[in-house]
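# Examination of the molecular architecture
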Amino acid sequence: MPLSEETNIYLIGPRASGKTTLGKRLAERLGRPFVDLDAQFVAVRGETIAALVAREGWDAFRLAEAEILAETATQKGLVAATGGGVVLMPENRARLAKGLVLYLQAHPDRLAERLMADLNAEQRPNLTEMGLKEEIVATLAEREPLYLSLAHACLPDRPVDEMLDYTLRALTMF
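This is a predicted model, so every value here is computed, not measured.

## Topic: helix α1 (residues 19–30)
In a regular helix each residue adds 1.5 Å, so twelve residues correspond to 16 Å; α1 covers 16 Å between its end C-alpha atoms and thus fits that length. For α1, the full list of buried residues reads K19, L22, G23, L26 and A27. Taken end-on, α1 shows its buried residues confined to a sector of 130°, consistent with a single buried face. Those residues of α1 that are exposed and aimed more than 90 degrees away from the buried face are E28 and R29. Taken together, the buried residues of α1 touch β1 (9–12), β2 (34–36), β3 (79–81), β4 (100–104), β5 (153–155) and α8 (160–171).

## A short note on the pattern of salt bridges
Under the criterion given, the structure shown has ten salt bridges. Put simply, R45 and E47 hold a salt bridge, and the shortest N to O gap is 3.2 Å. The exposure class of R45 is partly exposed, given its relative accessible area of 34%. The buried category is assigned to E47, whose relative accessible area is 15%. Salt bridges sharing common partners tie together R45, E47, R55 and E56.

## Topic: the packing of aromatic side chains
Aromatic rings considered in pairs are described by the distance between their centres and by the relative angle of their planes. Throughout the structure, instances matching the rule amount to three aromatic pairs. Pairing F41 with F61 gives two aromatic rings, centres 5.3 Å apart and planes at 75°, and the pair type is edge-to-face. Here F41 is found in helix α2 (residues 37–45), whereas its partner F61 is found in helix α4 (residues 58–73), with 20 residues between them in sequence. Taking the relative accessible area as the measure of exposure, F61 reaches 3% and is therefore buried. For the ring pair W58 and F61, a centre distance of 5.7 Å and an interplane angle of 80° mean the geometry is edge-to-face. Note that W58 and F61 are positioned in helix α4 at a spacing of three residues, about one turn of the helix. An aromatic cluster of at least three residues, connected via ring pairs, comprises F41, W58 and F61.

## Comments concerning the layout of surface pockets
Volume-wise, the second largest pocket comes out at about 160 Å³. Every residue along the wall of the second largest pocket is listed here: S4, E6, T7, N8, Y10, A73, Q75, K76, R95, K98 and G99. Classifying every residue of the lining of the second largest pocket by side-chain character gives two nonpolar, five polar and four charged.

## Here's the deal with the pairing of β4
Counting buried positions along β4 gives five out of five residues, so the element sits mostly inside the fold. What you see with β4 is no split at all: L100, L102 and L104 on one side and V101 and Y103 on the other are buried throughout. Across four bridges, the pairing between β1 and β4 is parallel. Following the sheet pairing, Y10 is matched in β4 by V101. Pairing of β4 with β5 involves three bridges; the strand directions are parallel. The partner of L104 across the bridge, within β5, is L155.

Each value, and the rule that gives it
Residues numbered from 1 in each chain as written. Predicted model: local features only at pLDDT ≥ 70, side-chain atom pairs only at ≥ 80, totals over all residues. Heavy atoms only, no water. Helix = DSSP H or I, 4+ residues; strand = E, 2+ residues; numbered from the N terminus. Expected span 1.5 Å × (residues − 1). Buried < 20%, exposed > 50% of the residue type's maximum accessible area, 1.4 Å probe, protein only. Arc of directions from axis to C-beta. Contact = heavy atoms within 4.5 Å. Salt bridge = Lys/Arg side-chain N within 4 Å of Asp/Glu carboxyl O. Phe/Tyr/Trp six-rings, centres within 6.5 Å; stacked < 30°, edge-to-face > 60°. 1 Å grid on protein atoms, 1.4 Å probe; cavity = no way out; pocket = protein on both sides within 12 Å on 5 of 7 lines; lining within 4 Å. Points joined across faces, edges and corners; volume = space filled by probe spheres on them. Nonpolar A, V, L, I, M, F, W, Y, C, P; charged D, E, K, R; others polar. Pairing = 2+ DSSP bridges.

In structure tokens, the structure reads:
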């Protein structure tokens, strides 16, 4: 996939993998607009993800998330941090595949550490009834093949400055 100024760059990966943090820094360095799809959901819907999930369930959130991605995908030249489960719906995967997709990899232990350090049930409601570590392992097992199938590049878990440098080098290949 050739990277042009109009190509959207999508960051995918599990929650707490650093998509928003890296996305903001990457967009700033590239002089592109940044969109966080979870924050966009809250802005458009006027409610938290947790509120919608509690009221209507995860399926309703996934449909709303697909609408947010569809609207975002009509824009050009942005960097977008996606939700961890955005890859679950085939139509989302098709939209993401029209841009440049970067998969932020992270070990389950590291994800658990980050989630515990920034525990915010409003932003990151539980996905299952399991314990946090078990949930992370289970969701990674389900989603990693989807992340890998979409990724133009996989970014190893490193401190954000190193990830940014790695990402900028990776982008020169496109």
